[in-house]
Amino acid sequence: MTAHTYIFYEEPGIQLYCGDCADIMPSLPPVDLIVTDPPYGMGRVANDGKDYLDVVGPRLRMAWATLKTPGSMFIFCSTGEVLRVGAAVGQPLKRMLWMYKPADGTFPLGGWLLTSDAILWFAKGVKLNLAERHPYQADCYVVNKMVEEKWRGHPTVKPLWVIRDIVSRCPKGGTVLDPFVGSGTTLRAAKDLGIKAIGIELEQKYCELAVRRLRQQVLFPGGG
């Protein structure tokens with residue numbers, strides 16, 4: 001690890017590293033589930049230019065290498081980048097899920113407002129915790145309120161209830177990894193559910209934000 005790579009915060013079941021995930025992931029134990037929202041190439045965070053996959057792609061492949069068999073990896077990406085992200089991972093796509101945000105119409109292109117995100121599911125076999133899931137969640141998450149967007153300083157926060165639904169599928173006793181943890185939504189979801197999780201974030205200011213979220217009292221365990 002580099003001198004700038006270290007455990008930034010730790011509590012029972014949760015670890016947050018500050019540094020480049022490429023330096024940290026080789027030393028991690030194998031994980032059961034990966035849920036991550038890497039840069040999209042829209043210039044919102046560091047290393048997020050048009051060539052963002054030059055940086056993100058190799059790190060997604062390293063994340064895949066940390067995944068147990070069986071295990072699953074879920075990656076949020078722009079609808080225009082599905083093929084490129086899939087090629088960057090270099091593994092067969094199990095299925096594409098969808099997140100529709102009618103209240104968040106941004107970046108008009110060709111006469112359409114971009115109100116959706118793709119969620120790419122890659123799997124080394126399928127072993128997900130479905131024992132307590134009834135009724136099943138549709139494969140399109142409809143987000144009518146973007147109350148968590150730009151959560152106190154981060155530009156691309158995903159809705160907690162969506163991340164929580166995906167994280168809840170971690171096999172019992174397993175560990176979730178998010179190598180691009182941002183404001184800490186994956187860690188917050190895992191903590192709410194009593195699931196072990198590891199997060200990695202390059203920028204210290206977002207690590208500090210994630211810690212503030214982790215220290216919040218859970219007021220609405222079933223909500224977003």
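Keep in mind that what you see is a predicted model, and the values were worked out from it rather than measured.

**Considering the overall build of the chain**
Stage number 1. The helix and strand inventory of the chain stands at six helices and 11 strands.
Stage number 2. The buried share of the chain, reckoned over its 224 residues, is 52%.
Stage number 3. Restricting to contacts in the chain with at least 6 residues of sequence separation, those with at least 24 account for 70%.
Stage number 4. Put simply, the chain shows about 10900 Å² of open surface, and 55% of that area lies on carbon and sulfur atoms.

**Some words on the packing of helix H5 (residues 185-193) against helix H6 (residues 204-215)**
Stage number 1. Contact geometry for H5 and H6: axes closest at 9 Å, N-to-C directions at 20°. The pairing of H5 with H6 is recorded here as roughly parallel in orientation. In the crossing of H5 with H6, the sense of the turn from one axis to the other is right-handed. Residues Thr-185, Leu-187, Arg-188 and Lys-191 of H5 form the contact with H6, whose participating residues are Arg-213, Leu-214 and Arg-215.

**Things to note about the packing of helix H2 (residues 52-66) against helix H3 (residues 82-89)**
Stage number 1. Contact geometry of H2 with H3 gives a least axis separation of 8 Å together with a crossing angle of 45°. As far as their axial angle goes, H3 and H2 are oblique. Taken as a pair, H2 and H3 cross one another with a handedness that is right-handed. On H3, the residues that touch Tyr-52, Leu-53, Gly-57, Leu-60 and Arg-61 of H2 are Arg-84, Val-85, Ala-88 and Val-89.
Stage number 2. Split by residue class, the contact of H2 with H3 holds six nonpolar, one polar and two charged.

**Comments concerning the nonpolar core**
Stage number 1. By size, the foremost hydrophobic cluster in this structure holds 32 residues, and its most contacted members are Leu-16, Ile-119, Val-167 and Val-176.
Stage number 2. Elements represented by at least two residues in this core include exactly strand E2 (14-18), strand E3 (31-36), strand E4 (67-78), strand E5 (93-100), strand E8 (116-124), helix H4 (160-167), H5 and H6.
Stage number 3. Here the element with the most residues in this core is H4; it accounts for five residues.
Stage number 4. In contact with Val-176, not counting residues within four places along its chain, are Leu-33, Val-35, Val-167, Cys-170, Thr-186, Ile-195, Lys-196, Ala-197 and Ile-198.
Stage number 5. One finds Cys-21, Val-31, Tyr-52 and Leu-177 within the second-largest nonpolar core, a separate group that totals 28 residues.

**Looking at unusual backbone geometry**
Only a minority of non-glycine residues have a phi that is not negative, and only a minority of peptide bonds are not trans.
Stage number 1. Residue Pro-70 is bonded to the preceding Thr-69 through a cis peptide linkage, with omega at 0°.
Stage number 2. Relative to the helices and strands, Pro-70 is located in strand E4.

**Examining the packing of aromatic side chains**
Stage number 1. A complete count under the given rule lists two aromatic pairs for this structure.
Stage number 2. Between the aromatic rings of Phe-74 and Trp-121, the centroid separation amounts to 5.5 Å while the plane-to-plane angle is 15°, which identifies the pairing as stacked. In this pair, Phe-74 sits in strand E4 while Trp-121 sits in strand E8, placing the two residues 47 residues apart along the sequence. When sorted by exposure, Phe-74 lands in the same class as Trp-121, which is buried.

**Some details on H5**
Helical geometry note: an α-helix holds 3.6 residues per turn, so side chains three or four residues apart project in the same direction.
Stage number 1. Along H5, the residues classified as buried are Thr-185, Thr-186, Leu-187, Arg-188, Ala-189 and Ala-190.
Stage number 2. On its buried face, H5 sits against E2, E3, H4, strand E10 (175-178), strand E11 (196-201) and H6.
Stage number 3. Trailing H5 by a residue or two, Gly-194 shows a phi angle of about 70°, which is positive.

**Brief notes about the confidence of the model for the chain**
Stage number 1. This prediction gives the chain a mean pLDDT of 86; 83% of its residues lie at or above 70.
Stage number 2. Scored below 50 in pLDDT, residues 219-224 makes nine contacts in the model with residues more than four places away or belonging to other chains.

**Remarks on H4**
Stage number 1. With respect to burial, H4 is a largely interior element, seven of its eight residues being buried.
Stage number 2. Buried within H4 are the following residues: Leu-160, Val-162, Ile-163, Arg-164, Asp-165, Ile-166 and Val-167.

**Overview of the sheet that holds E11**
Stage number 1. The strand order across the open sheet formed by nine strands is E1-E2-E11-E10-E3-E4-E8-E5-E9, and the pairing between neighbours is mixed. Among the strands making up the open sheet, the edge pair consists of strand E1 (6-11) and strand E9 (140-142). Strand after strand, the sheet turns through a mean of 15° between neighbouring axes, direction not considered.
Stage number 2. Judged from the five bridges that link them, E2 and E11 form a sheet pairing that is parallel. Bridge pairing links Leu-16 to Gly-199 in E11.
Stage number 3. Strands E3, E4, E8 and E10 of the sheet are contacted by H2, whose axis makes an angle of about 150° with E4.

What counts and how
Residues numbered from 1 in each chain as written. Predicted model: local features only at pLDDT ≥ 70, side-chain atom pairs only at ≥ 80, totals over all residues. Heavy atoms only, no water. Helix = DSSP H or I, 4+ residues; strand = E, 2+ residues; numbered from the N terminus. Buried < 20%, exposed > 50% of the residue type's maximum accessible area, 1.4 Å probe, protein only. Contact = heavy atoms within 4.5 Å. Areas by Shrake-Rupley, 256 points an atom, 1.4 Å probe, with all protein chains shown as cover. Axes fitted to C-alpha atoms, helices over the stretch in contact; angles between N-to-C directions. Parallel < 35°, antiparallel > 145°, perpendicular 65-115°, else oblique. Left-handed = near helix turned anticlockwise from the far one by under 90°. Nonpolar A, V, L, I, M, F, W, Y, C, P; charged D, E, K, R; others polar. Core = buried A, V, L, I, M, F, W, Y, C linked by side-chain atoms within 4.5 Å. Phe/Tyr/Trp six-rings, centres within 6.5 Å; stacked < 30°, edge-to-face > 60°. pLDDT = per-residue confidence, 0-100. Pairing = 2+ DSSP bridges.

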